[in-house]
Amino acid sequence: MLSCWLLSKCDCKKEKEKKANCFLKMLTNSSEFRTTLTRCVTTNPCDTLLPILDNLQGFLCTKESFSSPPFEELLTAVQTRLPDLLQASAGSEAVFTVLEVACNIRRLHTKSSSVCDSQDLKMVCKVIQLLVRDAHLVAMTTTAGINYLYITLLQTAAMDDFRILSVIITNSALLQKLQHCLSNVGQQELSLESGDSSSSGTGQCIAAGLLVAALAKFEQHGSVKASHVVTVTVEWLFAASSSTDQRLQACALQLWTTWFISNCHSSVLRVYRDQRLSMLRDEDVGLSISSRDLRLLLLILQRQIYMDVGLVHHSAVRCLQVALAYSRQKNTALAQHLVLQPWSQTLLQALADKCESGLSASAFFSLLLLLIEESVHSTTVDGLITQTFQYVCNVPLDRILPSTASCLCTDVIYRVKLQNLEC
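Residues numbered from 1 in each chain as written. Predicted model: local features only at pLDDT ≥ 70, side-chain atom pairs only at ≥ 80, totals over all residues. Heavy atoms only, no water.

Undergrad: Which residues make up the overall build of the chain, and what values go with them?
TA: Of regular secondary structure, the chain possesses 22 helices and two strands. Sequence separation of at least 24 residues holds for 74% of the intrachain contacts in the chain that already meet a minimum separation of 6. As presented, the chain carries roughly 20400 Å² of accessible surface, and 53% of it is formed by carbon and sulfur atoms. (Helix = DSSP H or I, 4+ residues; strand = E, 2+ residues; numbered from the N terminus. Contact = heavy atoms within 4.5 Å. Areas by Shrake-Rupley, 256 points an atom, 1.4 Å probe, with all protein chains shown as cover.)

What follows is the structure, given as structure tokens:
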């Protein structure tokens, strides 16, 4: 009886809502229901399981994590059937639900997320086939497919397993698809005045940009090179970095960061200027990016750091660090010039004023550490170092700072003491 109810279809909207609510309650509270559901997923044909996925997705998207064995067993059962479910749903609206369920299972199922088995490889190959072969795939399905590849790549690469990386980076058709998704959103759409953060094209663009950035980040660990180079213009990155959509900002910052980390020579990502600069002095200082563009990027990053908006804030701090590290490696004089600009110290003082609330503590200590490492000496920097020591001495340890900021604060103190010993 319960199995029949699970596999039944509801045509009426009210009946669907009633069934969904009942499904969520029983899945949460009834072990017998979870056992029956797991058995249904394991034994029934894939085309009969599609009605279950809508209700299961509604449950999964509300959860942060699972740790109890009954849920682990259910997720394992669903994950095992995902490649076949994706094939069974091809050409229908259900393909989007299958991909969303797949993304959430990767996010929640911690036991499987660190291990890449034959089912994972099969699912990745099926998703790639879907993305490159179906020219009429709707935007939200394309986004979900790219997101699945992104999540799977991050989780497996974090465990030093680069098989998924090799599968993705050697697929020329997929990389061309990612190029198309990025190119579909032009600079005018990204501009402050006309950007539409809710457009379906923007979602594809963000997903594609994050996946390309991840490929560029991990490619140095793999033994293969990209079969196609994804190109992005400096102008496009500036427009995305200044967009009103925080997701686009974070995406652009990830692309900037991985490009600098790769020493501006990645086999999968190429950043270039579409229009040449008119002034020769702005063109070349031994870097793959002009000095004028680098100054503009640093100003954008400093603004984002000061605005202190979640993920963008942390991404901007990291991007600033790697951009300066890259410029220091290529042109020490330029790097010193950028660090010594008055607005760097003005930003630092502004962040220090906000540190009491803990909102900008991590950024403050990261930038202060950067100036100390560059041996920047000024009344502002020296005063902030003194303020840091006083703050640590006067605040109880259990209330001092969030853990990340605590580590950075310790690094600042250690670096100052080390420099004093060297002197």
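Undergrad: So what's going on with unusual backbone geometry? Which residues, and what values?
TA: In this structure, Asn-263 is a non-glycine residue whose phi angle is positive, near 65 degrees. By secondary structure assignment, the location of Asn-263 is in the loop between α15 (246-261) and β2 (269-272). In this model, Cys-264 sits at a positive phi of 65 degrees, which is unusual for a non-glycine residue. You can see Cys-264 is positioned in the loop between α15 and β2. We classify Cys-264 as buried; its relative accessible area is 8%. (Buried < 20%, exposed > 50% of the residue type's maximum accessible area, 1.4 Å probe, protein only.)

Undergrad: Hey, could you go over the pattern of salt bridges for me, with residue numbers and the actual values?
TA: Going through the model one piece at a time under the given rule, you end up with six salt bridges. In this structure, the salt-bridge partner of Arg-106 is Asp-120, at a minimum N-O distance of 2.9 Å. With Arg-106 in helix α6 (residues 94-108) and Asp-120 in helix α8 (residues 118-133), this residue pair connects regions lying 14 residues apart in the sequence. Each member of the pair, Arg-106 together with Asp-120, is buried. Each of Glu-235, Arg-273 and Asp-293 takes part in salt bridges that share partners, so that together they form one network. (Salt bridge = Lys/Arg side-chain N within 4 Å of Asp/Glu carboxyl O.)

Undergrad: I'd like a description of the environment of Arg-295, backed by residues and values.
TA: Inspection of the secondary structure assignment puts Arg-295 in helix α16 (residues 291-307). For Arg-295, a relative accessible area of 28% corresponds to the partly exposed category. Each C-alpha atom, one on Arg-295 and one on Leu-334, is 9.9 Å from the other, the two residues being 39 residues apart in sequence.

Undergrad: Give a detailed account of the environment of Asn-44, specifying residues and quantitative values.
TA: Among the secondary structure elements, Asn-44 is positioned in the loop between α3 (31-43) and α4 (46-60). You can call Asn-44 buried: its relative accessible area is 19%. One polar contact links the side chain of Asn-44 to the main-chain carbonyl oxygen of Cys-40, over a distance of 3.0 Å. (Polar contact = N/O pair within 3.5 Å; in protein donor to acceptor, adjacent residues only side chain to side chain.)

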